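Tertiary structure, described
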Amino acid sequence: MSPPAVDRLGAGRDVRRAEAPPGVTVSTHRLTTFDGTEIEGVLYSLDGAATAVAVMHPRQSVTHHPMIPLLLRSGVSVWTQGSRSPNNDLALVHEQALLDAAAGHVFLRDTGFDTVLTFGHSGGGTLSAFYIEQASLEPGLRLDVTPAGRPIPLAGAQMPVPDGAIFLAPHPGQGQVLLHCIDPSVMDESDPMSVDSALDMYSPGNGFAEPPQPSRYSVDFLRAYRRAQRDRIARIDARAVELAAETSKARARFARTGDPADRRTGLAPRVITTYRTDADPCYVDLSIDPNDRHYGSLFGRRPDLTNYGLVGFGRLTTPDAWLSTWSANHTNADFVRCAAGVRLPTLYLEFSGDQAALPTASARMFEALAGEDKIRGVVRGQHFGQPIAEGEPTGYAAAAVHIDRWLDGRFATAPPRRTR
């Protein structure tokens, strides 16, 4: 199937064709979203496939996701969707990412696919659930403002509802992840070295052991720690709400006065810096909500060091991005909240060694899915699909077996099927 080169809203424009495996055509398309933003996606079109799987993450490029060749072998085409905020937390507003996703779904329907499935890995899982929840609503019931109070035109956008959903190691949402890994011992938001010793999980006095020895934290410490994490998030929320309100007031003044000074004030970025966000006790105390995970976080085996480094969740954000994405108290992109609107046939796969989605949270997320046709599976693997032990298959290979079985009897796939 060769996608048509059309140039209209949501349908896209074929701008590049690349080398591809036999039977697969690879083409890159620029799409225009309902609010006029240009985004890009890559279609891996399998000859004879009437089903396409849409792969998207709100803040990472998935053009070369390791599941792509495995999905193609399962007999489906694959669409990898770009967003307007790739590899960047600074301006990531999840409600805008829904408009990006919508343009891709319009494109796939216009291209002629009879069946469209979503595939959400990690943060892509919550984005997928959020899209399905909003797309399934009557347009007038969709969200019309972001958590920062900015208008969002979801009601006017064409948002095709997918036919099914695949979730692979979805985490509970960026806000929930940050809530559990933000360091509550930071005393001064302007000083990355400020520490309240009573709340420092990397202090031996609180139960930390020198790596790679496992740490052990008391119930009382963990209770105080989790409470203090919520308090820190709430303090940053208050600052973000204040800054967002200042911007909104400047925009409103400009609408009345036309004064360039008000226009500049409304455009000036207010950037929130959030230090030390690699500090979940689960990273070093594997007795907390145990699974097959290795010692360490998604950023490495020494979270006591990476917690102080440049790389981390939500490090630099605008107030809009903080409230929409990283605030557990304000974000709409919370998997459990969104799952109540997901009534499609669903395959939910967990990695047994996941550091970001632990068993207790995964059970709660699966139970929240509202559909009757839902299947949950657990496969050996780490969050990004690495094998648990040397010599084992990757988590992606193990997940592909479950996806094959789930597709059989539910959705049309192109012959020949994968052989093993």
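This report concerns the structure included in the present document. (Residues numbered from 1 in each chain as written. Predicted model: local features only at pLDDT ≥ 70, side-chain atom pairs only at ≥ 80, totals over all residues. Heavy atoms only, no water.)

Before going further, it helps to examine the packing of helix H5 (residues 219-257) against helix H8 (residues 319-326). For any two helices packed against each other, the geometry is given by the interaxial angle and the distance between the axes. At a closest axis distance of 8 Å, the pairing of H5 and H8 adopts a crossing angle of 135 degrees. Between H5 and H8, the interaxial angle falls into the category oblique. The crossing of H5 and H8 is left-handed. The residues of H8 that touch H5, namely those facing Ile233, Ile236, Asp237, Ala240, Val241, Leu243 and Ala244, are Pro319, Trp322 and Leu323. The residue inventory of the contact of H5 with H8, partitioned by class, reads nine nonpolar, no polar and one charged. (Axes fitted to C-alpha atoms, helices over the stretch in contact; angles between N-to-C directions. Helix = DSSP H or I, 4+ residues; strand = E, 2+ residues; numbered from the N terminus. Parallel < 35°, antiparallel > 145°, perpendicular 65-115°, else oblique. Left-handed = near helix turned anticlockwise from the far one by under 90°. Contact = heavy atoms within 4.5 Å. Nonpolar A, V, L, I, M, F, W, Y, C, P; charged D, E, K, R; others polar.)

Here we take up unusual backbone geometry. Looking along the chain, the bond that leaves Pro211 and enters Pro212 is cis, with omega of 5 degrees. Looking at the secondary structure, you find Pro212 in the loop between helix H4 (174-181) and H5. With phi around 45 degrees, Asp289 is a residue other than glycine that occupies positive phi space. For Asp289, the position within the fold is in the loop between strand S8 (272-273) and helix H7 (303-306).

Here the idea is plain: a probe the size of a water molecule rolls over the atoms and shows the empty space left. Tallying each qualifying case throughout the model produces two cavities of 30 Å³ or more. One number sums up the size of the largest cavity: a volume of about 120 Å³. As for the largest cavity, its lining consists of 13 residues, of which Ala54, Met56, Ala101, His105 and Thr118 are closest to the centre. Those elements that provide at least two residues to the lining of the largest cavity are strand S4 (51-56), strand S5 (77-81), helix H2 (94-111), strand S6 (115-121) and helix H3 (123-135). In terms of residues, the lining of the largest cavity owes the most to one element, H3, which gives four residues. Each residue belonging to the lining of the largest cavity can be placed in one class, and the counts come to eight nonpolar, five polar and no charged. Size it by volume and the second largest cavity reaches roughly 30 Å³. Looking at the lining of the second largest cavity, its residues break down into four nonpolar, three polar and two charged. (1 Å grid on protein atoms, 1.4 Å probe; cavity = no way out; pocket = protein on both sides within 12 Å on 5 of 7 lines; lining within 4 Å. Points joined across faces, edges and corners; volume = space filled by probe spheres on them.)

Glancing now at the layout of surface pockets. Approximately 570 Å³ is the volume attributed to the largest pocket. Residue lining of the largest pocket: 31 residues in total, with Arg59, Gln60, Asp89, Phe299 and Phe313 positioned closest to the centre. The set of elements that each furnish at least two residues to the lining of the largest pocket consists of S4, S6 and H4. Looking at the lining of the largest pocket element by element, the count peaks at three residues for S6. The residue inventory of the lining of the largest pocket, partitioned by class, reads 15 nonpolar, 13 polar and three charged. The space that makes up the second largest pocket amounts to roughly 490 Å³.

This part takes up the pattern of salt bridges. Applying the stated criterion across every chain yields a total of 20 salt bridges. With its nearest N and O atoms 3.0 Å apart, the salt bridge here joins Asp163 to Arg109. Of the two residues, Asp163 is situated in the loop between H3 and strand S7 (164-168) and Arg109 in helix H2; the sequence distance between them amounts to 54 residues. When its relative accessible area of 25% is taken as the criterion, Arg109 is described as partly exposed. Between Arg239 and Glu242 there is a salt bridge, with the nearest N and O atoms lying 3.2 Å from each other. Highlighted residues: Arg239 and Glu242, both in helix H5, separated by three residues, approximately one helical turn. A relative accessible area of 42% places Arg239 in the partly exposed class. (Salt bridge = Lys/Arg side-chain N within 4 Å of Asp/Glu carboxyl O. Buried < 20%, exposed > 50% of the residue type's maximum accessible area, 1.4 Å probe, protein only.)

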